[in-house]
Amino acid sequence: MKDPMFQLDKELAEAIFRYCRERLEMDAPLDFGSHADSPPPSLEGLITAGGRDAIDTLQFFTDELAHRVVSIDSPGFLAFIPNAPTMNSRLFDMVVAASALNGTSWLESAGAVVAENQALALLAERAGLPAGSGGAFVSGGTAGNLSALTVGRDVGHVRHPELAMHEVRFAVSADAHSSIGKALHVLGIKALLVEPDDHCFTLASLERALAADPHPETVVGIVATSGTTNAGIIDDLEGLGAYARAHDLWFHVDGAYGGAALFSEQRELLSGIRHADSFIVDPHKWLFAPLDCCALLYRNPVMARKFLAQQASYLDVLHTADAEDLTEWNPSDFGLHLSRRARGLPFWFSLVTNGVSAYETATQAAITKAQYAAASIEAREGFELVRPVSLSIVLYRRQGWGAEEYNAWSDRLLREQVAFVTPTKWEGETVARFAFLHPDTSYELIDAVLDSMTV
Ligand SMILES: *Cc1c(COP(=O)(O)O)cnc(C)c1O
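Note that this is a predicted model, so its numbers are computed, not measured.

Definitions and limits used
Residues numbered from 1 in each chain as written. Predicted model: local features only at pLDDT ≥ 70, side-chain atom pairs only at ≥ 80, totals over all residues. Heavy atoms only, no water. Helix = DSSP H or I, 4+ residues; strand = E, 2+ residues; numbered from the N terminus. Buried < 20%, exposed > 50% of the residue type's maximum accessible area, 1.4 Å probe, protein only. Areas by Shrake-Rupley, 256 points an atom, 1.4 Å probe, with all protein chains shown as cover. Lys, Arg positive; Asp, Glu negative; His and termini not counted. Charge placed at Lys NZ, Arg CZ, Asp CG, Glu CD. Expected span 1.5 Å × (residues − 1). Arc of directions from axis to C-beta. Contact = heavy atoms within 4.5 Å. 1 Å grid on protein atoms, 1.4 Å probe; cavity = no way out; pocket = protein on both sides within 12 Å on 5 of 7 lines; lining within 4 Å. Points joined across faces, edges and corners; volume = space filled by probe spheres on them. Nonpolar A, V, L, I, M, F, W, Y, C, P; charged D, E, K, R; others polar. Salt bridge = Lys/Arg side-chain N within 4 Å of Asp/Glu carboxyl O. Axes fitted to C-alpha atoms, helices over the stretch in contact; angles between N-to-C directions. Parallel < 35°, antiparallel > 145°, perpendicular 65-115°, else oblique. Pairing = 2+ DSSP bridges. Near = heavy atom within 4 Å. Polar contact = N/O pair within 3.5 Å; in protein donor to acceptor, adjacent residues only side chain to side chain. Core = buried A, V, L, I, M, F, W, Y, C linked by side-chain atoms within 4.5 Å. Domains from an automatic or database assignment.

**So, the overall build of the chain**
What the chain contains, in helices and strands, is 13 helices and eleven strands. With the C-alpha coordinates of the chain rotated into their principal frame, the extents come out at 75 × 65 × 45 Å. Counting the 455 residues in the chain, one finds 52% classified as buried. Of the accessible surface of the chain, which amounts to about 20700 Å², a share of 56% is contributed by carbon and sulfur atoms. Averaging the coordinates of the 34 positive side-chain charges in the chain and doing the same for the 59 negative ones gives two points 1 Å apart.

**Points about helix α3 (residues 87-98)**
Every α-helix carries 3.6 residues per turn, so stepping three or four residues along brings you back to the same face. In a regular helix each residue adds 1.5 Å, so twelve residues correspond to 16 Å; α3 covers 17 Å between its end C-alpha atoms and thus fits that length. Along α3, the residues classified as buried are Ser89, Arg90, Phe92, Asp93 and Val96. Projected down its long axis, α3 shows its buried positions confined to an angular sector of 165°, all on one face. Elements that come into contact with the buried residues of α3 comprise α1 (10-25) and α10 (345-354). Just past α3, the residue Ala100 takes up positive phi, approximately 50°.

**A word on empty space enclosed by the protein**
Throughout the structure, instances matching the rule amount to two cavities of 30 Å³ or more. Considered as a void within the structure, the largest cavity measures approximately 50 Å³ in volume. For the lining of the largest cavity, a count of residues per class yields two nonpolar, five polar and two charged. There is about 40 Å³ of room inside the second largest cavity.

**Points about the pattern of salt bridges**
Taken as a whole and assessed by the stated rule, the structure comprises 19 salt bridges. The salt bridge involving Glu64 is made with Arg68; its shortest N-O contact spans 3.8 Å. Classification of Glu64 by relative accessible area gives partly exposed; the value is 29%. Overall, the relative accessible area of 14% leaves Arg68 in the buried class. The network of salt bridges with common partners includes Arg23, Asp73 and Arg90.

**With respect to the packing of helix α7 (residues 203-212) against helix α8 (residues 237-246)**
The contact between α7 and α8 brings their axes to 8 Å, and the two run at 50°. Here α7 lies oblique to α8, going by the angle between them. Facing Leu203, Leu206, Glu207 and Leu210 of α7, the residues of α8 in contact are Gly239, Leu240 and Tyr243. Looking at the contact of α7 with α8 residue by residue, the class counts come to five nonpolar, one polar and one charged.

**Brief notes about the pairing of strand β11 (residues 429-435)**
Counting buried positions over the seven residues of β11 gives six, a clear majority of the element. With four bridges joining them, strand β9 (residues 393-398) and β11 adopt antiparallel strand pairing. Residue pairing for β11: Val394 is matched across the bridge by Phe434. Of the strand pairs in this sheet, strand β10 (residues 424-426) and β11 are connected by three bridges, and their pairing is antiparallel. Each bridged residue has a counterpart across the sheet, and for Trp426 the counterpart in β11 is Glu429. Connecting the antiparallel pair β10 and β11 is a turn made up of two residues, with Glu427 showing a positive phi of about 50°.

**Points about the site of the ligand**
Every one of the 13 residues lining the ligand counts as a neighbour, but Thr142, Thr229, Asp254, Asp282 and Lys285 are closest to it. The contact in question runs from an oxygen atom of the ligand to an N or O atom on the backbone of Gly141, over 2.7 Å. With respect to the ligand, the side chain of Asp282 contributes an N or O atom lying 2.7 Å from an oxygen atom. Sorting elements by how many residues they give to the shell around the ligand places helix α5 (residues 141-159) first, with three residues. Tallied by class, residues from the shell around the ligand come to two nonpolar, eight polar and three charged.

**Thoughts on the sheet that holds strand β7 (residues 294-298)**
Strands sit in the order β1-β7-β6-β5-β4-β2-β3 across an open sheet of seven strands; the sheet is mixed. Single-partner strands in this sheet number two, and they are β1 (134-138) and β3 (190-194). Going from strand to strand, the sheet's axes swing by 20° on average, the running direction of each strand aside. In this structure, strand β2 (residues 169-173) lies alongside strand β4 (residues 219-225), joined through four bridges in parallel fashion.

**So, the nonpolar core**
Membership of the largest hydrophobic core comes to 76 residues, with the highest contact counts inside it found for Ile222, Phe279, Trp286, Tyr396 and Phe434. In terms of residues, this core owes the most to one element, helix α11 (residues 356-378), which gives eight residues. Residues from two domains meet in this core; each of domain 2 (94-354) and domain 3 (357-454) gives at least three. Not counting residues up to four positions away in its chain, the partners in contact with Phe434 are Leu78, Ala373, Ile377, Ser392, Ile393, Val394, Tyr396, Val421, Val449 and Leu450. Judged by nonpolar contacts, the second largest core, of 30 residues, contains Leu149, Leu184, Trp250 and Tyr298.

**Here we look at the domain arrangement of the chain**
You can read the domains of the chain as domain 1 (4-71), domain 2 (94-354) and domain 3 (357-454). Taken over C-alpha atoms, the centre of domain 1 sits 36 Å from the centre of domain 2.

**Some points on the environment of Phe334**
Structurally, the position occupied by Phe334 is in the loop between α9 (301-308) and α10. Residue classification places Phe334 among the buried residues on the basis of a relative accessible area of 0%. Separated by 197 residues in the primary sequence, Phe334 and Phe137 have C-alpha atoms spaced 9.1 Å apart. Ignoring anything within four residues of it in the chain, the contact list for Phe334 reads Gly135, Ala136, Ser147, Leu296, Tyr298, Pro301, Ala304, Arg305, Leu308, Leu326 and Trp329.

Rendered as structure tokens:
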């Protein structure tokens with residue numbers, strides 16, 4: 001007899017397909033996260049030796065758990081960095097799940113890898129990286145940054161054998177994303193922490209930091225950000241990139257959020273990414289792919305593979321070609337992972353079916369919304385911008401408010417299901433922040449959120 005756990009329960013399948021269809025057809029409800037009227041129910045006793053009825057369990061999820069998650073695809077989600085996957089990418093994500101696709105190696109999954117690599121090649125071309133650049137889709141910006149900085153450290157160490165492994169450093173702006181600090185922590189290396197110029201990592205700020213440091217010779221790489229998460233600020237990619245080239249330093253660009261602006265009318269601001277040795281962008285942010293999906297690209301994938309490929313007797317069959325030959329492309333050779341969901345496929349399917357122009361329109365729409373919001377803020381009595389809008393992030397102040405007022409207002413908007421907007425800190429002060437992403441966020445909603453700060 002076949003194991004029942006591996007047989008399709010037709011009634012359950014129908015119920016799940018119905019659930020998925022209804023969720024895809026509805027306007028995304030904002031929903032409540034931790035802000036529902038009651039705390040999450042106790043799940044005690046739910047997992048038993050014999051298992052429970054599946055339809056009942058789906059109902060339990062629907063009634064008790066689903067609305068306790070804020071819908072990141074709601075056009076009213078304006079906090080953190082939202083995520084609004086295209087319909088085609090979500091539908092295809094279900095295909096990836098149903099097909100149990102593994103995206104680890106060329107041997108097992110060449111069909112998935114060629115498609116993912118087509119999407120990566122498009123991103124590399126947009127970024128101005130040379131033909132032959134490539135990498136893999138990994139779980140997120142954090143995993144992408146860690147993988148890239150591992151290669152950068154190892155290359156730096158090869159270039160400077162006189163330094164111990166733990167002595168090599170990267171020059172990092174004080175405004176770099178928290179995942180950069182975490183990556184250095186995991187790698188056991190330190191940063192040359194650079195105080196940026198008005199939050200922008202410039203060549204001048206780098207040169208100042210190097211001049212003031214007792215051991216500038218230990219800096220083997222530079223980490224720049226193409227759109228800070230808190231404020232959308234783009235570092236001096238041109239200046240830093242050219243400096244890195246001239247001094248044989250590894251140049252990493254973290255574009256997890258803002259790299260997507262390569263598809264917007266502001267793409268010129270990102271042209272310095274072409275200098276990068278490694279570059280990341282999260283399609284699960286502003287390129288409208290489902291979580292979780294980071295595109296990790298290397299200028300020289302052979303070098304990345306040299307330091308990251310896992311070697312084991314049972315994996316020898318994956319590595320039959322010689323060191324320079326990239327025809328057998330194993331995504332596992334370019335990141336820290338081995339097994340891997342073929343997480344680039346939903347993005348690839350959506351790119352192919354919607355076309356690149358649709359991405360350009362949708363990416364630009366978020367910038368247009370940010371500019372609209374800024375104009376509306378400036379026109380209002382008692383409101384002011386904290387700084388000019390950058391990409392799709394708006395930082396602003398309701399004059400006279402402190403942390404308590406911002407937090408109470410944010411809570412109220414979520415409870416009333418108007419929008420999800422959370423405050424941030426800017427130079428120590430609590431301020432309001434919009435992160436635009438969903439092309440369907442309306443001007444009316446933006447004004448309703450601003451109006452809600454005056455009642
Ligand atoms: C979001 C973000 C990250 C982290 O990415 P995850 O996908 O959340 O791991 C890193 N850097 C920047 C600039 C980001 O915006």
